[in-house]
Amino acid sequence: MTRFINASDTIVPDAVTGRLGTGEADHVTRIDGFNDIRVVTRQSPDPSRVAVISGGGSGHEPAHAGFVGAGMLTAAAAGDVFASPTVDAVLAAILAVTGEGGCLLIIKNYTGDRLNFGLAAERAKHRGLDVEIVVVADDIALGQDIDPRGLAGTLFAHKVAGYHADRDAPLATVKHHVQTALARTASIGVALSSCDPLTQPLSGQPAQPEIGLGIHGEPGAERLDLDGAQGAIDAVVERLTPYVDTDAPLALLLNNLGGVSPIEMDILERDLLATELGQRARWLVGPAVLMSSLNMPGFSLSVLALTDELEQALTAEVSPTAWSPAKRAGTTKPKPMPDLGKGHTPAAESEPATEQRLQAVIETLTANRAELDALDAHVGDGDAGTTFATGARAVAQTLNETGLPLASPGPLLAMLGRLAEQHMGGSSGVLLAMLLTTAGNEVGKGKSVVGALQCGVEFMQSCSGAKPGDRTLIDALVPGLETLAHSNDLAAAAQAARDGAAQTQHMAAGVGRSAYLRTESLAGHPDPGAIAVALVFEAVAGAR
């Protein structure tokens, strides 16, 4: 054991629960729905004010959940470590705190964040909510030729947005002030080495944890065989309990010895509050770096049995900001899970021609899984074909078991978008969900299917930052739809999509995972997403 975690798949929910386990409960809570929905919100947001929502991957603590509160964020959505929160998580955050004042989404300029927050915003707009997005791109390290990333300048956006929102400024004004601040913001970072993933052992760690270490690196009193963060907490609580007054209320001090990441300290806080000592605690100081041993990867726990006078002294305000003010120990009651709008399923309808085309697409994507995976292995992580085939199987299963509204283009497109969102992983799934969901909405407004799909492409581009020539599926999708819009000729559209996909083998990647690869390593390998789009056009054109 070299990490204070319990299991790799519970890192984020454990940490978020731990963060909310004490005095913050008076002001901040979470939405119920763990493990998939990790959203922290203010307890009682004012619906007349602009809700300021941010979020992103975990591992950046205290961002983003740590900045939820008066004067800053109204809510934050947390993804897995270094991974964007899901569309559902972002939508849940929007629905939980947004009222007539509308909301502003502040996101960092990463593909996953732009896609997931963008689709969630579109779904919220479909419900009648007023939603605006600001993308932070303050990194100056990569030069002008690479799309800049969002870094710590995001916190300026949080602060400016929260300040104006809490002073009743309207949404347009809040957004304007944030954009003004970001236009005057730049960031760059430096590090001696990369980080160690939480699910892997730290380099140079002792073979076995020790308890009773000194603050100057002295060896511990004994070595322990521990099982997770809870095992470490149990070990110190067991040894402290005999020294604790059994009748007095307690104050606990959870101290980071310098080398434990904030997300791990949140997990330790959660596990501590679940113990007998934690249940008896009235106040908790920390978790914080209060007495460290350089970067020692460990923690200490101190217990104080309180009298009235000691409690007054402990809780009095002080000016040093390095002190972590004592917080009331306790638990929070989660908010109910918002209705994400997935309960309604359109009635199945028969339409033979549409079904034939859909079956052709399903068969084509399933049959070409290995080919697309092989293409993706050259330019990505080798799972593009599997992703598309998984989506195709989900459509086939739904078609066979419950049916689809084949005679109603709008509901059909929306349903296909929902299936892509639920069953397809990676950026491809979110992109297709954006395309199909937006197209379904636009058909409902009276647009033709082709025109609606073109609107979906525009929305994909606005959220992903991709444009024709960036070596993405858009390079096949745009010419295919444009040809179909002008000629109504499926065969010609399929050829245009195929030509566009073929041209990607000569392009440098502008966005996405391939943008981080050398151009020469991409040459001669077409984009697998573009090839998949061409296959879909060809399947539709050839269906009989």
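Residues numbered from 1 in each chain as written. Predicted model: local features only at pLDDT ≥ 70, side-chain atom pairs only at ≥ 80, totals over all residues. Heavy atoms only, no water.

**Quick word on the environment of I107**
What counts is decided by this rule: Only DSSP runs of H or I reaching four residues or more are called helices, and only runs of E reaching two or more are called strands; each is numbered from the N terminus. When checking whether two residues touch, look at their non-hydrogen atoms; a contact exists if any pair is within 4.5 Å.
With respect to the helices and strands, I107 occurs in strand 5 (residues 103-108). For the pair I107 and V134, spaced 27 residues apart in the sequence, the C-alpha separation amounts to 6.4 Å. Residue contacts for I107: discarding those within four places in its chain leaves D113, R114, F117, I133, V134, V135 and V136.

**Notes on helix 14 (residues 426-444)**
The condition that has to hold: To estimate the expected span of a helix, subtract one from its residue number and multiply by 1.5 Å. Each residue gets one of three labels from its accessible area relative to the maximum for its type: buried under 20%, exposed over 50%, partly exposed in between, using a 1.4 Å probe on protein chains only.
In this model, helix 14 (19 residues) spans 28 Å end to end at C-alpha, consistent with the 27 Å of a helix rising 1.5 Å per residue. Taken across its 19 residues, helix 14 has 16 buried, putting it largely inside the fold. G446 sits one or two residues past helix 14 and shows a positive phi near 110°.

**Structural notes on the packing of helix 15 (residues 449-464) against helix 16 (residues 474-487)**
The description of two packed helices rests on the angle between their axes and on the distance between the axes. Stated formally: Where helices are involved, their axes are fitted lines through C-alpha atoms of the stretch in contact, as for all axes, and angles between N-to-C directions lie from 0 to 180°. Roughly parallel here means an angle under 35 degrees, roughly antiparallel means over 145, roughly perpendicular means 65 to 115, and every remaining angle is called oblique. Left-handed describes a crossing whose near helix is turned anticlockwise from the far helix through less than a right angle; right-handed describes the clockwise counterpart. Ten residues, namely Ala, Val, Leu, Ile, Met, Phe, Trp, Tyr, Cys and Pro, are considered nonpolar, four, namely Asp, Glu, Lys and Arg, are considered charged, and the remaining ones, Gly among them, are considered polar.
Remark: helix 15 packs on helix 16, axes separated minimally by 10 Å, with the N-to-C direction vectors making an angle of 155°. Considered as vectors, helix 15 and helix 16 are oriented roughly antiparallel to each other. Considering how the two elements wind past one another, helix 15 and helix 16 form a crossing that is left-handed. Only I474, L477, V478, L481, E482, L484 and A485 of helix 16 make contact with helix 15, whose side of the interface consists of V450, L453, Q454, V457, M460 and Q461. Broken down by class, the residue content of the contact of helix 15 with helix 16 amounts to 10 nonpolar, 2 polar and 1 charged.

**A few points about empty space enclosed by the protein**
With a probe scaled to a water molecule rolled over the atoms, the places where space remains empty come into view. Here is the rule: Cavity: a set of points on a 1 Å grid over the protein atoms alone where a 1.4 Å probe fits but cannot get out. Pocket: an open set with protein on both sides within 12 Å along at least five of seven lines, its lining residues, like those of a cavity, having an atom within 4 Å of a point. Grid points are joined across faces, edges and corners, and a volume is the space filled by probe spheres set on the points.
All told, the structure shown has 1 cavity of 30 Å³ or more when counted by the stated rule. When its volume is computed, the largest cavity comes out at roughly 120 Å³. Lining the largest cavity are 15 residues, and of these V16, S58, E61, A65 and A78 lie nearest its centre. Residue assignment for the lining of the largest cavity shows that the elements contributing at least two residues are helix 1 (11-19), strand 3 (51-58), strand 4 (75-81) and helix 7 (262-273). In terms of residue count, the dominant contributor to the lining of the largest cavity is helix 1 (4 residues).

**Some points on the packing of helix 14 against helix 15**
For the pair helix 14 and helix 15, the least separation of the axes is 7 Å and the interaxial angle reads 135°. Considering the angle they form, helix 14 stands oblique to helix 15. The hand of the helix 14/helix 15 crossing is right-handed. Residues L431, M434, L435, T438, A439, E442 and V443 of helix 14 touch helix 15, and the partners they reach there are V449, A452, L453, C455, G456, V457, F459, M460, C463 and S464.

**Remarks on the layout of surface pockets**
Here the second largest pocket is characterised by a volume of approximately 1100 Å³. Looking at the lining of the second largest pocket, the elements that each hand over two or more residues are helix 10 (352-367), helix 12 (384-401), helix 13 (409-423), helix 14, helix 15, helix 16 and helix 19 (528-542). The leading source of residues in the lining of the second largest pocket is helix 10, at 7 residues.

**So, the nonpolar core**
Side chains of nonpolar character tend, in soluble globular proteins, to be buried together. Which entries qualify depends on this criterion: Here, nonpolar core refers to any group of buried Ala, Val, Leu, Ile, Met, Phe, Trp, Tyr and Cys residues whose side-chain atoms link them within 4.5 Å.
Ranked by internal contacts, the top residues of the largest apolar core, which has 85 residues, are I94, L404 and L477. Filtering out sequence-adjacent residues up to four positions away, L477 remains in contact with L435, V457, M460, V533 and F537. With 28 residues, the next largest nonpolar core counts A232, A235, L272 and L284 among its residues.

**What about the sheet that holds strand 1 (residues 28-30)?**
In plain terms, the rule: Here, any two strands with at least 2 DSSP bridges between them count as paired.
Spatial strand order, 1-2-4-3-5-6: 6 strands in an open sheet with mixed pairing. At either margin of the open sheet sits one strand with a lone partner, and together these are strand 1 and strand 6 (131-136). Sheet twist, expressed as the average angle between the axes of neighbouring strands with direction ignored, equals 20°. Looking at chain direction, strand 5 and strand 6 are connected through 6 bridges and run parallel. Of the residues in strand 6, the one forming a bridge with L104 is E132.

**Observations concerning the packing of aromatic side chains**
Within a pair of aromatic rings, the relevant descriptors are the distance that separates the centres and the angle that separates the planes. To be explicit about the condition: Paired rings are identified among Phe, Tyr and Trp, the last through its six-membered ring, by centres lying within 6.5 Å, and are further divided according to the angle between planes into stacked (under 30 degrees), edge-to-face (over 60) and tilted (the rest).
For the coordinates displayed, the defined rule picks out 1 aromatic pair. For the ring pair F4 and F299, a centre distance of 5.2 Å and an interplane angle of 80° mean the geometry is edge-to-face. Placement of F4 in the segment before helix 1 and of F299 in strand 11 (residues 299-305) is noted, with a sequence separation of 295 residues between them. The class of F4 is buried, set by a relative accessible area of 14%. You can call F299 buried: its relative accessible area is 13%.

**Things to note about the environment of R184**
By secondary structure assignment, the location of R184 is in the loop between helix 5 (171-183) and strand 7 (210-211). For R184 and G153, which are 31 residues apart along the polypeptide, the C-alpha to C-alpha distance reads 9.8 Å.

**Description of unusual backbone geometry**
Cis geometry is found at the peptide bond from E61 to P62, where omega equals 10°. Its place among the elements puts P62 in the loop between strand 3 and strand 4. The phi dihedral of F82 falls on the positive side, at around 60°, and the residue is not glycine. Here F82 is to be found in the loop between strand 4 and helix 2 (87-97). Even without glycine at this site, R471 takes up a positive phi of about 65°. Among the residues examined, R471 registers a relative accessible area of 2% and is labelled buried.

**Let's talk about the sheet that holds strand 11**
Taken in spatial order, the 4 strands of this open sheet run 11-9-10-12, and their pairing is mixed. Here the strands that pair on one side only, and so sit at the sheet edges, are strand 11 and strand 12 (327-328). Bridging between strand 9 (residues 250-256) and strand 11 involves 7 bridges; their strand directions are antiparallel. Bridge pairing in strand 11 links A251 to L304. Helix-sheet contacts for helix 7 involve strand 9, strand 10 (281-288), strand 11 and strand 12, and the interaxial angle to strand 9 is about 155°.

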